[in-house]
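Okay, here's what each chain looks like letter by letter:
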Amino acid sequence: MICNVQISDGATVSLVSKQINPNASLATPLDEDTELLAPSPLPSPKRGPPMTNTNVESDLEEGFQFYHLSPLFEDDAFKKNKKGLRNSSNTGPRIKHRKIREIYLRRLVSTKKSIQTFVDDVLAVMLRVSDDRPFPKALKYLFDFFDRQADRHKLKGAADMWKNSCLPLRFWVTAMTHPAYVFDMHQTDTIDASVSVLTQMLDNACKGIVPKYSIETSPSRVLYANELPNYIEMIQTFYNDIRTSSRVNQDVLDMEFKEVCEIFQNSFSHIGTLHQLYQHASQRSDKLVEALEEDEQCQRANMGYKLEQVGTILAEGED
């Protein structure tokens with residue numbers, strides 16, 4: 001708005017007091033002769049000192065003061081929420097409050113310091129492997145598969161990208177973005193804005209990005225800029241510890257799958273799940289069989305032949 005009226009930096013302006021009754025002309029009594037509103041002059045508002053070309057710094061004692069005009073700004077979390085509001089039933093105008101950066105930044109930093117211990121504890125649970133909390137065998141098997149495929153196709157850094165998309169950015173970010181999935185709670189806009197700062201931090205840590213501060217950067221994006229190098233190193237150490245751990249035996253993996261299936265045996269339809277899996281596999285059955293026959297471990301389990309047998313049995317059932 002300031003740019004539209006061509007007010008440049010360092011301009012000298014005069015402040016005008018707000019008019020007490022801006023519609024005073026409509027509150028006058030009726031004229032007895034014409035039965036119309038009798039015109040009455042508006043009271044002249046109180047005006048400050050006239051604008052001059054004098055030096056402001058030398059005339060501070062005469063009533064001049066410095067004012068810093070800060071524009072309305074929104075953080076990234078509110079912008080995302082605003083996009084969602086456009087598609088919601090609440091189509092009324094939304095008031096955008098002015099945030100004073102000098103006060104907002106102090107509160108933001110103080111709040112971050114108060115919860116920093118809890119953030120570190122959560123990341124330690126998410127991104128560390130210990131004897132008390134062993135890494136799930138199914139994920140260990142999957143991560144080893146990612147490493148083999150990346151080495152086989154000579155894709156540098158692809159394994160870490162697949163792991164990020166599989167665990168931190170897929171599972172943990174979803175759980176953090178929607179705490180109502182885990183806790184019986186009402187998720188307000190304030191909670192959405194708060195957790196979005198943490199999820200943005202985790203996203204930057206997985207991608208190895210440390211945002212740099214600028215005048216146009218939202219404070220929430222650079223709030224964890226100092227801690228991000230340690231978090232990036234924590235993720236790399238997490239993946240290295242998983243990579244160097246002992247490989248998972250197929251029999252042990254089958255036993256774990258059996259235990260999980262027993263827990264959820266009455267929650268899902270086995271036939272429906274297998275049918276959906278086969279629908280995806282049947283679209284690329286030739287490539288899958290060829291890939292299974294080339295892999296040594298799949299050859300020992302005779303996986304290619306088993307997949308062909310599944311297709312044959314389902315085709316006979318349809319006939």
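Parameters at a glance
- Residues numbered from 1 in each chain as written.
- Predicted model: local features only at pLDDT ≥ 70, side-chain atom pairs only at ≥ 80, totals over all residues.
- Heavy atoms only, no water.
- pLDDT = per-residue confidence, 0-100.
- Contact = heavy atoms within 4.5 Å.
- Salt bridge = Lys/Arg side-chain N within 4 Å of Asp/Glu carboxyl O.
- Helix = DSSP H or I, 4+ residues; strand = E, 2+ residues; numbered from the N terminus.
- Buried < 20%, exposed > 50% of the residue type's maximum accessible area, 1.4 Å probe, protein only.
- Core = buried A, V, L, I, M, F, W, Y, C linked by side-chain atoms within 4.5 Å.
- Phe/Tyr/Trp six-rings, centres within 6.5 Å; stacked < 30°, edge-to-face > 60°.
- Lys NZ or Arg CZ within 6 Å of the ring centre and 35° of its normal.

A. Representation of the confidence of the model for the protein. When pLDDT is averaged along the protein, the result is 77, and 70% of the positions lie at 70 or above. Below a pLDDT of 50 lies the segment residues 23-61, which in the model reaches 35 contacts outside its immediate sequence neighbourhood of four places, other chains included. Note that pLDDT drops below 50 for residues 72-78; the model gives that stretch 20 contacts with residues more than four away or on any other chain.

B. Just the pattern of salt bridges, in detail. All chains considered together, the criterion is met by 7 salt bridges. The partner of Lys112 in a salt bridge is Glu227, and the shortest N-O contact between them spans 2.7 Å. Here Lys112 is found in helix H2 (residues 101-126), whereas its partner Glu227 is found in the loop between helix H6 (189-207) and helix H7 (228-244), with 115 residues between them in sequence. Judged by its relative accessible area of 18%, Glu227 falls in the buried class. In this structure, the salt-bridge partner of Asp147 is Arg243, at a minimum N-O distance of 3.6 Å. Of this pair, Asp147 sits in helix H3 (residues 137-152) while Arg243 sits in helix H7, and the two are 96 residues apart along the sequence. Each of Asp147, Asp160, Lys163 and Arg243 takes part in one network of salt bridges that share partners.

C. Representation of the nonpolar core within the structure. Judged by nonpolar contacts, the single largest core of 27 residues is most densely connected at Leu123 and Tyr231. Within the residue set of this core, elements represented by two or more residues are H2, H3, helix H5 (168-177), H6 and H7. Among the elements that take part in this core, H7 stands out by supplying 8 residues, more than any other. Setting aside its immediate chain neighbours within four residues, Leu123 contacts Met201, Leu202, Tyr231 and Met234.

D. Representation of the packing of aromatic side chains. In the structure shown here, the tally under the stated rule is 8 aromatic pairs. Taking the centre distance of 5.6 Å and the plane angle of 45° together, the rings of Phe135 and Phe143 count as tilted. Given the relative accessible area of 17%, Phe135 is considered buried. Overall, the relative accessible area of 1% leaves Phe143 in the buried class. Plain terms: the ring middles of Phe143 and Tyr239 are 6.0 Å apart, the flat faces sit at 80° to each other, and that makes the pair edge-to-face. Taken together, the residues span a long stretch of sequence, with Phe143 in helix H3 and Tyr239 in helix H7 at a distance of 96 residues. Judged by relative accessible area, Tyr239 falls into the buried class, the value being 1%. Cluster of aromatic residues (ring-pair linked, three or more members): Phe135, Phe143, Phe145, Phe146, Trp162, Phe238 and Tyr239. When the ring centre of Tyr239 is taken as origin, the NZ or CZ atom of Lys163, which lies over that ring, is 5.4 Å away.

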